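A structural walkthrough
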Amino acid sequence: MEQLANLPPLALMTFGATIAVIFAVRHLGLMQGTRTSPATSPAAAQVAAVIVDPTALNRATAALDEHTAELHRFAEIAERSARAQEILGMELGRIREELRIERELRRTARWDET
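Now for a quick tour of the structure. Just so we're clear, the structure is a prediction, and the values are computed from it rather than from any experiment.

Attention shifts here to the overall build of the protein chain. Helix and strand content of the protein chain: four helices and zero strands. Its helices and strands taken in sequence order, the protein chain reads α-α-α-α from the N to the C terminus. In the protein chain, which comprises 114 residues, the proportion classed as buried is 0%. Total accessible area on the protein chain is roughly 10500 Å²; 66% of this is exposed by carbon and sulfur atoms.

Next up, the structure:
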C-alpha cells in the first residue's frame, strides 16, 4: 500500500483505469455468459423436448433404420449389377476373339485363292 502511495498521480490514475477496465470486462463477460446459458438457448429447449417426449427421437430412429435397410438393398443390387457387367464383359471379349479368328480365317482363305 505504501508503494502505491509513492507513485506519481498519472501512474496512479493509469493503474486505477486499468483495474477498472479489467473488472468491467470480467463483469460484462459474466453477464454475456448468463444471457446465453444453456437454459435459455433454443438447442436446450429442443433437447428438453426430446427428453420429455421421445416420440420424435423414436420416429427418427425408425426412419434411420429404414434408410439403412434400403442402403443394404441398394448395395446388394449394385453387387449383382457389377457381377452381370463382369460376365457381359467376358462374353464380349469372347465374341471379339471369335470375330478376330473368323477374320483371320477369311484372310487366309483369300490368300489361298490367289
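Moving on from the model shown.
Moving on: the pattern of salt bridges. Under the definition given, this model contains six salt bridges. The salt bridge involving E70 is made with R73; its shortest N-O contact spans 2.1 Å. Here the residue E70 and the residue R73 both occupy positions in helix α4 (residues 55-113), the gap between them amounting to three residues, near one helical turn. Under the relative-accessibility criterion, R73 is labelled partly exposed at 43%.

Nonpolar side chains collect at one region of the surface, where F15, I19, I22 and F23 lie side by side and expose about 390 Å² of accessible area between them. For F15, the position within the fold is in helix α2 (residues 9-35).

Thresholds applied
Residues numbered from 1 in each chain as written. Predicted model: local features only at pLDDT ≥ 70, side-chain atom pairs only at ≥ 80, totals over all residues. Heavy atoms only, no water. Helix = DSSP H or I, 4+ residues; strand = E, 2+ residues; numbered from the N terminus. Buried < 20%, exposed > 50% of the residue type's maximum accessible area, 1.4 Å probe, protein only. Areas by Shrake-Rupley, 256 points an atom, 1.4 Å probe, with all protein chains shown as cover. Salt bridge = Lys/Arg side-chain N within 4 Å of Asp/Glu carboxyl O. Patch = residues over 30% accessible without salt bridge, like charges linked within 9 Å, V, L, I, M, F, W, Y side chains within 5 Å.

Read these as layout, nothing more, since geometry by itself doesn't imply function.
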